[in-house]
Amino acid sequence: MTEERRPVLAILGGTGDLGTGLARRWAQAGYEVIIGSRTQEKADTAVADLREVMAERGVAEITVQAMENLAAAEAADIVTLTVPFSHQASTLEQVKPALQG
């Protein structure tokens, strides 16, 4: 029997409290998670912080990576938007081509 492939989950705005909370829980549940941000640097920092928190909790292996929002939307099967309300329209406009279909 073959194991069913889980969807890749992207969290746009994944560097904030809500995004990092979702990333932690989904990664711990075994999903591949992409933390998206307006800048690669912020996404990289969020991933490093997440790996540290998970290691402290005894979770050695998680599949998480950092990308800018558009790249994250293009790479994911499911996209979650966790940016503040004031940035939702501009973020959605930026990633709209990646969310077709």
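Quick caveat, the model's predicted, so the values are computed rather than measured.

Caption draft 1: Inspection of the sheet that holds strand 1 (residues 9–12) at higher detail. Strand order in this open sheet of four strands is 3-2-1-4, and the pairing throughout is parallel. The two strands at the open ends of the sheet, each matched to only one other strand, are strand 3 (63–68) and strand 4 (78–81). Going from strand to strand, the sheet's axes swing by 20 degrees on average, the running direction of each strand aside. Sheet analysis places strand 1 next to strand 2 (residues 32–37), joined by four bridges and oriented parallel. From the neighbouring strand, Leu12 faces strand 2, where its bridge partner is Gly36.

Caption draft 2: Local environment of the nonpolar core. By size, the foremost hydrophobic cluster in this structure holds 14 residues, and its most contacted members are Ala23, Val33, Ile35, Leu50, Ile62 and Val64. When sequence neighbours within four positions are dropped, the list of residues in contact with Leu50 reads Ala23, Arg24, Ile35, Ile62 and Val64. Residues Val8, Ala10, Ala76 and Val95 belong to the second largest nonpolar core, which totals nine residues.

Caption draft 3: Looking closely at the pairing of strand 3. Direction of pairing for strand 2 relative to strand 3: parallel, over a ladder of six bridges. From the neighbouring strand, Ile35 faces strand 3, where its bridge partner is Ala66. With helix 2 (residues 40–56) bridging strand 2 and its parallel neighbour strand 3, the resulting β-α-β unit is right-handed.

Caption draft 4: Representation of the packing of helix 1 (residues 17–28) against helix 2 within the structure. Look at helix 1 against helix 2: their axes get within 11 Å of each other, and the N-to-C directions meet at 55 degrees. The orientation of helix 1 relative to helix 2 falls into the category oblique. As helix 1 packs across helix 2, the resulting crossing turns out to be right-handed. In this structure, helix 1 contributes Ala23, Arg24 and Gln28 to the contact, and helix 2 contributes Leu50, Val53 and Met54. Of the residues in the contact of helix 1 with helix 2, the class split is four nonpolar, one polar and one charged.

Caption draft 5: Fine view of the pairing of strand 1. A two-sided burial pattern is seen for strand 1, the buried positions comprising Leu9 and Ile11 on one face and Ala10 and Leu12 on the other. In this region the chain leaves strand 1, passes through helix 1 and returns to the parallel neighbour strand 2; the handedness of that crossover is right-handed. Bridging between strand 1 and strand 4 involves four bridges; their strand directions are parallel. Bridge pairing in strand 4 links Ile11 to Thr80.

Cut-offs and rules
Residues numbered from 1 in each chain as written. Predicted model: local features only at pLDDT ≥ 70, side-chain atom pairs only at ≥ 80, totals over all residues. Heavy atoms only, no water. Pairing = 2+ DSSP bridges. Helix = DSSP H or I, 4+ residues; strand = E, 2+ residues; numbered from the N terminus. Axes fitted to C-alpha atoms, helices over the stretch in contact; angles between N-to-C directions. Core = buried A, V, L, I, M, F, W, Y, C linked by side-chain atoms within 4.5 Å. Buried < 20%, exposed > 50% of the residue type's maximum accessible area, 1.4 Å probe, protein only. Contact = heavy atoms within 4.5 Å. Right-handed = clockwise from strand over helix to strand, strands pointing away. Parallel < 35°, antiparallel > 145°, perpendicular 65-115°, else oblique. Left-handed = near helix turned anticlockwise from the far one by under 90°. Nonpolar A, V, L, I, M, F, W, Y, C, P; charged D, E, K, R; others polar.

Everything listed here is a matter of geometry and, on its own, says nothing about what the molecule does.
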